Amino acid sequence: MTKEKTYKIVEMYETIQGEGFWSGHSIFIIRFKGCNVWTGKESDRHKAKAMCGLWCDTNFVDTKKEKNGGTYTLDELEEYVLTNVSPERTPIILLTGGEPMLQVDAELITSFIDMDFRVHIETNGSQSVEEVLKVINENPPFMISTVWVTVSPKPPLPLHKSLFDLPPFALELKCVFDKQMDLHAYDDLECYARYIQPVEIDGKTNLQQCIDFVMNNGNRFALTTQAHKVWKIE
Ligand code: SF4
């Protein structure tokens, strides 16, 4: 007998998106456990496979029971969302991490769409998005934002080739700009919107560097910041 698939989730909560194209919209965040860049343990930072391991401040390890973290089957997750979230109040479910594409599959995305939610995914771009493609290809035509992928590349990890098969109307590039990043490395990725976002290390950001980049690069990239920190929400 095969064991039913489960999803390992750190936390789930309603908030307002603070970054990128959908900034200002109400969202329901599902934060998945685990990341392919590093273990999340302080003692392992130096072993991280990408530069973001030096500044990552996201908890993708410890389950927050008080914020509905835990291990869920698809049925249990559907039931939780059906009972606690309404698409009229919070139309977007944001699947994030860690690296959500280590766990997210077509079945999960489709079940939320069937409940009338739009499904947004934030990925570091190094994992396959074939499961997202499956949903888009099996359910055309999609309105913009029914399925939306925000790719935030983490050099030197390369972008997975499947990302290049996503329709541009479902794709946003958001580059958290640290000094290792070559923004022109993503010129071939066709997407609906491109953002540059300052990196924050020890409470300091390189905002001015990002402003200078935008001013010197025409309309290729727009500036986004972590507005939720200004709004003082999570
Ligand atoms: S990919 Fe994201 S979650 Fe993973 S280490 Fe980098 S910044 Fe943190």
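Now for a quick tour of the structure. (Residues numbered from 1 in each chain as written. Predicted model: local features only at pLDDT ≥ 70, side-chain atom pairs only at ≥ 80, totals over all residues.)

1. Observations concerning the site of the ligand
Thought 1: Near the ligand, the surroundings consist of 14 residues, among which Cys35, Val37, Cys52, Cys56 and Asn124 are the closest.
Thought 2: By residue class, the composition of the shell around the ligand is 7 nonpolar, 5 polar and 2 charged. (Near = placed C-beta within 6 Å. Nonpolar A, V, L, I, M, F, W, Y, C, P; charged D, E, K, R; others polar.)

2. Re the nonpolar core
Thought 1: Formed by 51 residues in total, the largest nonpolar core has its most connected members in Ile93, Leu95, Ile109, Val119, Val132, Val147 and Val149.
Thought 2: In this structure Leu95 touches Ile30, Phe32, Pro100, Val104, Val119 and Ile121, once residues within four positions along its chain are discounted. (Core = buried A, V, L, I, M, F, W, Y, C linked by C-beta atoms within 7 Å. Buried ≥ 20, exposed ≤ 12 C-beta atoms within 10 Å, placed from the backbone. Contact = placed C-beta atoms within 7 Å.)

3. Quick look at helix 3 (residues 130–138)
Thought 1: Taken together, the buried positions of helix 3 are occupied by Val132, Val135 and Ile136. Buried residues of helix 3, viewed axially, fall in a sector of 95 degrees; they line one side. What points out from helix 3, more than 90 degrees from its buried face, is the exposed set Asn137 and Glu138.
Thought 2: Where helix 3 is buried, its residues contact helix 2 (106–114), strand 5 (118–123) and strand 6 (147–151). (Helix = DSSP H or I, 4+ residues; strand = E, 2+ residues; numbered from the N terminus. Arc of directions from axis to C-beta.)

4. Comments concerning the sheet that holds strand 3 (residues 70–73)
Strand pairs in the sheet, formed through backbone hydrogen bonds, run parallel or antiparallel to each other.
Thought 1: The strand order across the open sheet formed by 9 strands is 3-1-2-4-5-6-7-8-11, and the pairing between neighbours is mixed. Since the sheet does not close on itself, it has two edges, and those belong to strand 3 and strand 11 (222–223), each with one partner.
Thought 2: On top of the sheet, helix 1 (residues 74–84) reaches strand 1 (6–16) and strand 3; it is set at about 100 degrees to strand 3, its chief contact. (Pairing = 2+ DSSP bridges. Axes fitted to C-alpha atoms, helices over the stretch in contact; angles between N-to-C directions.)

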